[in-house]
Amino acid sequence: MSGKQIERLPRHCGIGLALAALIAVQAGAVEVATAQEFRVPSDANQYILDQTLAYRASKGVQKVWVKGAPNRAADKYARFLAENNLSGHTADGRQPGDRVKAEGGKFCGVSENVHESWSSPSPASWQDAMQQAMNFWKTSPGHEANLRRAEADQMGIGVHGWKHGDRYYYKSVQVFLQTKC
């Protein structure tokens, strides 16, 4: 599921940058790119982990551990969503469990949270984007159930940012695994 827009600034805020880019393109100085990745620090993943663990603790639910297979699956899926500007749980034609299995994961149950946010004309701070994702997941019944799923003992986190047109998108993914059957 997708989230809501983080902020929208008046278009005139980016006119100077757009004019400078147009002059550079006309002068042949740069190629026009319609999409590009922007760096999201690993602190964004740590923030989601810390917030998830705190939320689970507040609900009396055991810790989850970030592990290899679910973490790789979440990271690759977040990158796929960001690069292709897609959202949802099956945007790549696979189920969350299929992605975890492809990374070598073994489990009895799997659930997933996905969030998208965007801003324009510049990227929102990763802190604002991650807080928006956590707020959305906590207030959406299905996503909130995943956050506090008692059977889950492993999790993966992926966050990527990509610019498409004049919008900067953050795509955030959490994967929860139950490995004790």
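Predicted model only: the values in this text are computed from it and were never measured. (Residues numbered from 1 in each chain as written. Predicted model: local features only at pLDDT ≥ 70, side-chain atom pairs only at ≥ 80, totals over all residues. Heavy atoms only, no water.)

**Some details on the packing of aromatic side chains**
Quick reminder of the rule: A pair of aromatic rings is counted whenever rings of Phe, Tyr or Trp (Trp by its six-membered ring) have centres within 6.5 Å, and the orientation is called stacked for planes under 30 degrees apart, edge-to-face for over 60 and tilted otherwise. For the purposes of this entry, the term helix denotes a DSSP run of H or I that reaches at least four residues, the term strand denotes a run of E that reaches at least two, and both are numbered from the N terminus. Only protein chains enter the accessibility calculation, which uses a 1.4 Å probe; a residue is then buried when its area is under 20% of its type maximum, exposed when over 50%, and partly exposed in between. Think of it as a cone above the ring: NZ of Lys or CZ of Arg counts as a charge over the ring if it is within 6 Å of the ring centre and within 35 degrees of the ring normal.
Summed over the entire model, instances satisfying the criterion amount to four aromatic pairs. With a centroid separation of 6.3 Å and 75 degrees between ring planes, the pair formed by Y47 and W126 is classed as edge-to-face. Of the two residues, Y47 is situated in helix α2 (residues 43-58) and W126 in helix α5 (residues 126-139); the sequence distance between them amounts to 79 residues. Like Y47, the residue W126 is buried in the burial classification. Note on Y77 and F80: the rings are 6.3 Å apart at their centroids and 10 degrees apart in plane angle, and the pair reads as stacked. You can see Y77 and its partner F80 sitting in helix α3 (residues 68-84), three residues apart, about one turn around the helix. Here a set of aromatic residues connected by ring pairs shows up, and it is made of F38, Y168 and Y170. In this structure, R99 is placed above the aromatic ring of Y77, and the distance from its NZ or CZ to the ring centre is 3.5 Å.

**What to know about the pattern of salt bridges**
Applied cut-off: When a carboxyl oxygen of Asp or Glu is within 4 Å of a side-chain nitrogen of Lys or Arg, the pair counts as a salt bridge.
In the structure shown here, the tally under the stated rule is nine salt bridges. Residue R99 pairs with E112 through a salt bridge whose shortest N-O separation is 2.8 Å. One end of the pair, R99, is in helix α4 (residues 96-102); the other, E112, is in strand β4 (residues 109-120), with 13 residues separating them in the sequence. Here R99 matches E112 in class, with each residue buried. Where K171 meets E116, a salt bridge forms, and the shortest distance between an N and an O atom there is 2.4 Å. Of this pair, K171 sits in strand β6 (residues 167-178) while E116 sits in strand β4, and the two are 55 residues apart along the sequence. Each member of the pair, K171 together with E116, is buried. A single network of salt bridges, built from pairs that share partners, joins D92, R94, R99 and E112.

By themselves, these are just geometric observations and shouldn't be taken as functional.
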